[in-house]
Amino acid sequence: NSVVSVFTCFPGQMWDRVLSKVKKAVVFMDDKCAESLHWNGGATSVFESGARNLKQFSSFEAGGENEPKAVFVVSTLLKGRTADIIQDIVGLSHFQYCVVFTTVAHSIHLLANNVTAVLEGNPVFEQFEDKLCEWMGDMNYTAEVMHAPVVFAPVSPQLFLAPTFAHLFPLLPRDLETINMKRPEKKRFGSLTDVDLHSLTPELQIEIKSLASAVNSMFESTSTREESFALGPMSRLIAGELANHPQAKNRRKTAPNKASIVFIDRTLDLTGAAGHHGDSLVEKILTVLQPLPGHTTDVQVDMLELTNLQRTPDSQPTLAPGCLVQTQSSTARLLWETMLASKQKEAVMEVRRQLVEAASKENLPIKMGLGRVTPEQLCSYVQLFKSNWGALESHCGVIQLGLATAQTLRHPTLPRWDSCLAFERLLLQALGDSDFAGVLRQLLPLMKPRSRSGEEECGPDELLVLLVYLYSLAGEAQPADDEGEEEKVERELIGALTLVITREAELSPLLQKLTGCGSIEELTMERAHTAVEGVFDTLRELSHARDHLKQLKSVYTASDGVHQAMYRPFLRQVLEEIFHPDRPESPDIEHMSGGLTDMLKTGFSMFMKVSRPHPSDHALLFLFLVGGVTPSELRLIREVVSAHKPGTQVLVLSTRLLRPTDVPELLFTTQRLVPDIGV
């Protein structure tokens, strides 16, 4: 579809601006831009464009003596820490020509420097060019500084992620308390929905404006006029910023393409994010395999099976990992899209089919397997390519996806997934039968330290995910007979979970962030207890996230005696509302427009019929999930759209692709009010 293809090309076109400058240069790139590049052609594209080297953006890196040209690509403001690192690198090198690309627009640089006046040109960038020449040691050398919104990673034609904003997450009631503490009593906010942009920390304001600016760049580059809608307090702020974006006014008068964009806060449905009900192969791959260093989405695929190296208990051969992104081969890319969009069984069958097809193309002696796909079978197919270098090279994309699938299906920790799923189903039924204290009590038997060999047993990470799942549904339990009972069970749970954490053999990355301890040796009972108490303070508020909504108040359907109790995805409800044939005006989906015109419309409506914009007005709909989207939600979106309005094209934008364990990290260990903006 041509409408969508315009957008599918957008992230690559932004990278082309950068690639046009890298010839004969040493390129320094920060992790977030590197992750975006990874999904946009990867390092290959940088070297094919003539770069001499690609290095990490770090004070410990520099160019060689015969390397006069540098290109920097950063996702941050050009001040503070970021400027210091550039100065360090330039100081250690022999550059005569420096180009700096930042994903942060010049207008936001002005804001960060407290400039409110409207100025000609790009003075902040020009000043930085002068500094670069100073650091290079000669004002006659060349420096260029410019904005390149290389923010989006096209994970599939239907999904763009923004790795730069992976830690942006809607605020929680705890954050509201922090905001209110700094305000005079009479000016305190009653709820998160009342908070305006200017009451947030400067860092978060910059983060929100940068995100709105990135979305604006996409609409500008594709000549699109968008109508913005929002559900949830953070989404309202972002959609409001986009609607009032200074550059957008002119574009909206003349742009030929039209689209709707609906921003949705992840906090409105944490049940879906923490749950294990998705029946998605990709969710499991992302959960059990280790992430690539510095990445939030892609994972490491062990390539040892393709070599003749031996793994022994004390030697781990050094071997570059494979990964899920396959930008070079269209067959592998299509296979990845199928894996992302299908149920697990279909996905696994397709992985097998592609491996068999690749092997038969190369005339390898394949034994066709029917029936259930097993990890052993997939590995035996992969092994066929081992002795044939040409075949390995032609099909290495499909082979990596085959290995990722096999390694996940036989992973020793995978049984935890099914344990969590079984327990979630039990909790869903229990909510309809007892008060919340009674449901919480069912968690107590799970809160026991793991046996030393217990790789398949659920540990503290899974328990934290289950707690989020349950507390996000707390409002659905039967009314309590005894108010004090809930508190009592909570105290028992806090004690039990504290003990579980202190008895771990080593701390997972999540527990390290949660307790602030790098190793189990540093962890005291007291520190663990304080951390767990903090977790419960946050948990208690989770079920109130939808309180301000009028219609879409629940994600739970109780059992009616015939059917079991069910989780009803919030996204499904929003989409059914949007595509409802009667096009009702939804009280919860708020239209955000550029201010004044709205006031005029309401004035006129006394005399003439003015129809308000509706998200289903246009053939192109963007859904922006602030705080992350799960692979199974992508499938759900596709299913609902094809059932209700098949002609509509839906593109999903999000800050990250979620695995269940990301949710406790974002809720309990993220500095939501003071994101790291590189200053």
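Keep in mind the model is a prediction, meaning the values are calculated, not measured.

(A) Representation of empty space enclosed by the protein within the structure. Across all of its chains, the model carries four cavities of 30 Å³ or more by this definition. In this structure, the largest cavity occupies an estimated 60 Å³ of space. Broken down by element, the residue count for the lining of the largest cavity peaks at three residues, all from helix α9 (residues 233–243). Looking at the lining of the largest cavity residue by residue, the class counts come to eight nonpolar, no polar and one charged.

(B) Highlighting the sheet that holds strand β14 (residues 649–654). Strand order in the open sheet formed by seven strands is β6-β7-β14-β13-β9-β8-β12, with mixed pairing between adjacent strands. The open sheet has two free edges, formed respectively by β6 (153–156) and β12 (590–592), since each of these has just one partner strand. Across the sheet, the mean angle from the axis of one strand to that of its neighbour is 25°, orientation sign disregarded. Where strand β9 (residues 257–265) lies against strand β13 (residues 620–626), six bridges are found, and the strand directions are parallel. Residue Asp 265 lies in a different strand from β13, and its bridge partner there is Val 626. Across the sheet, helix α8 (residues 202–221) touches β7 (159–161), β8 (224–231), β9, β13 and β14, and the angle it forms with β13 is around 160°.

(C) Broad picture of the side chain of Ser 156. Looking at where Ser 156 falls in the secondary structure, it is placed in strand β6. Discounting chain neighbours no more than four positions away, the residues touching Ser 156 are Glu 337 and Leu 340.

(D) Local environment of the sheet that holds strand β1 (residues 26–29). Taken together, five strands build an open sheet; the order of strands is β2-β1-β3-β4-β5 and the sheet is parallel. The sheet is open, and its two edges are formed by β2 (53–56) and β5 (142–147), each paired on a single side. Strand-to-strand twist across the sheet, computed as the mean angle between neighbouring axes with direction ignored, equals 15°. Helix α4 (residues 80–92) rests against β1, β3 (69–74) and β4 (97–102) of the sheet, and its axis sits at about 160° to β3.

(E) Representation of the packing of aromatic side chains within the structure. In the structure shown here, the tally under the stated rule is 13 aromatic pairs. On the basis of an interplanar angle of 45° and a centroid distance of 6.1 Å, the ring pair of Trp 39 and Trp 336 is categorised as tilted. Of this pair, Trp 39 sits in the loop between α2 (31–38) and α3 (42–48) while Trp 336 sits in helix α13 (residues 330–341); the two residues are 297 residues apart in sequence, bridging distant segments of the chain. As far as burial versus exposure is concerned, Trp 39 and Trp 336 are alike and both buried. Their ring planes at 25° and their centres at 5.4 Å tell us that Phe 263 and Phe 624 sit as a pair that is stacked. In this pair, Phe 263 is assigned in strand β9 and Phe 624 in strand β13, connecting sequence segments 361 residues apart. Take Phe 263: its relative accessible area is 0%, and that puts it in the buried class. The buried category is assigned to Phe 624, whose relative accessible area is 0%. Here the aromatic cluster, defined as three or more aromatic residues joined through ring pairs, consists of Phe 28, Phe 57, Phe 72 and Phe 95.

(F) The nonpolar core, seen in detail. Ranked by size, the top nonpolar core spans 131 residues in total, and within it Ile 264, Leu 497 and Phe 536 carry the most contacts. The greatest single-element share of this core, amounting to nine residues, is contributed by helix α20 (residues 460–471). Residues within four places of Ile 264 in sequence aside, it is in contact with Leu 231, Ser 235, Phe 570, Leu 571, Val 574, Leu 623, Phe 624, Leu 625 and Val 626. Within the second largest apolar cluster, 61 residues are counted, among which are Met 14, Trp 15, Val 22 and Met 218.

(G) Representation of the pattern of salt bridges in the model. In the structure shown here, the tally under the stated rule is 25 salt bridges. Measuring nitrogen to oxygen at the nearest pair gives 3.1 Å for the salt bridge that ties Arg 81 to Asp 676. Here Asp 676 lies in the segment after α27 (662–668) and Arg 81 lies in helix α4, a separation of 595 residues in the sequence. Where Glu 665 meets Lys 513, a salt bridge forms, and the shortest distance between an N and an O atom there is 3.3 Å. Taken as a pair, Glu 665 in helix α27 and Lys 513 in helix α22 (residues 509–515) lie far apart in primary sequence, 152 residues in all. A cluster of three or more residues bridged by salt bridges with shared partners is formed by Glu 226, Arg 251 and Arg 252.

(H) Structural context of the environment of Leu 204. Looking at the element boundaries, Leu 204 is found in helix α8. Residues Leu 204 and Asp 31, 173 residues apart in the sequence, show an inter-C-alpha distance of 20 Å. Leave out the neighbours within four places in its chain, and Leu 204 touches Leu 168, Leu 171, Met 234, Arg 672, Leu 673 and Pro 675.

(I) Main features of the pairing of β8. With six of eight residues buried, β8 is to be regarded as a mostly interior element. Examined bridge by bridge, β8 and β9 share eight bridges and lie parallel to one another. Bridge pairing in β9 links Glu 226 to Ala 259. Across three bridges, β8 lies against β12 in antiparallel orientation. Across the sheet, residue Ala 230 finds its bridge partner in β12, namely Glu 590.

(J) Main features of α4. Along its 13 residues, α4 runs 19 Å from first to last C-alpha, staying within 8% of the 18 Å computed at 1.5 Å per residue. Among the residues making up α4, those that are buried are Thr 82, Ala 83, Ile 85, Ile 86, Ile 89 and Val 90. Down the axis of α4, the buried set is contained in an arc of 160°. They therefore lie on one face. Those residues of α4 that are exposed and aimed more than 90 degrees away from the buried face are Gly 91 and Leu 92. Residues of α4 that are buried sit in contact with β1, β3, β4 and α6 (123–136).

(K) View of the state of the cysteines. Under the criterion given, the structure shown has zero disulfides. No disulfide involves Cys 420; its sulfur sits 4.0 Å from the nearest other cysteine sulfur, which is in Cys 458. Residue classification places Cys 420 among the buried positions, given a relative accessible area of 1%.

(L) Focus on helix α24 (residues 570–578). Most of α24 sits out of view: seven of its nine residues are buried. The complete set of buried residues in α24 reads Phe 570, Leu 571, Gln 573, Val 574, Leu 575, Glu 577 and Ile 578.

(M) Looking closely at the packing of helix α21 (residues 483–502) against helix α23 (residues 525–539). Between α21 and α23, the least distance of the axes is 9 Å, while the angle of their chain directions is 135°. With respect to α23, the axis of α21 lies oblique. In the packing of α21 onto α23, the handedness of the crossing is right-handed. Contacts between α21 and α23 involve Glu 490, Leu 493, Ile 494, Leu 497, Thr 498, Leu 499, Ile 501 and Thr 502 from the former and Met 525, Ala 528, His 529, Val 532, Glu 533 and Phe 536 from the latter. Here the contact of α21 with α23 is built from residues that sort into nine nonpolar, three polar and two charged.

(N) Quick peek at the pairing of β3. Of all six residues in β3, six are buried; the element is thus mostly enclosed. Going residue by residue along β3, you find Lys 69, Val 71 and Val 73 tucked away on one face and Ala 70, Phe 72 and Val 74 tucked away on the opposite face as well. Bridge analysis of β1 against β3 gives four bridges, and the strand direction is parallel. Counted as the bridge partner of Val 26 is Ala 70 from β3. Where β3 meets β4, six bridges bridge the pair, whose relative direction is parallel. What sits directly across from Lys 69, in β4, is Tyr 97.

Reading guide: rules and limits
- Residues numbered from 1 in each chain as written.
- Predicted model: local features only at pLDDT ≥ 70, side-chain atom pairs only at ≥ 80, totals over all residues.
- Heavy atoms only, no water.
- 1 Å grid on protein atoms, 1.4 Å probe; cavity = no way out; pocket = protein on both sides within 12 Å on 5 of 7 lines; lining within 4 Å.
- Points joined across faces, edges and corners; volume = space filled by probe spheres on them.
- Helix = DSSP H or I, 4+ residues; strand = E, 2+ residues; numbered from the N terminus.
- Nonpolar A, V, L, I, M, F, W, Y, C, P; charged D, E, K, R; others polar.
- Pairing = 2+ DSSP bridges.
- Axes fitted to C-alpha atoms, helices over the stretch in contact; angles between N-to-C directions.
- Contact = heavy atoms within 4.5 Å.
- Phe/Tyr/Trp six-rings, centres within 6.5 Å; stacked < 30°, edge-to-face > 60°.
- Buried < 20%, exposed > 50% of the residue type's maximum accessible area, 1.4 Å probe, protein only.
- Core = buried A, V, L, I, M, F, W, Y, C linked by side-chain atoms within 4.5 Å.
- Salt bridge = Lys/Arg side-chain N within 4 Å of Asp/Glu carboxyl O.
- Expected span 1.5 Å × (residues − 1).
- Arc of directions from axis to C-beta.
- Disulfide = S-S within 2.5 Å.
- Parallel < 35°, antiparallel > 145°, perpendicular 65-115°, else oblique.
- Left-handed = near helix turned anticlockwise from the far one by under 90°.

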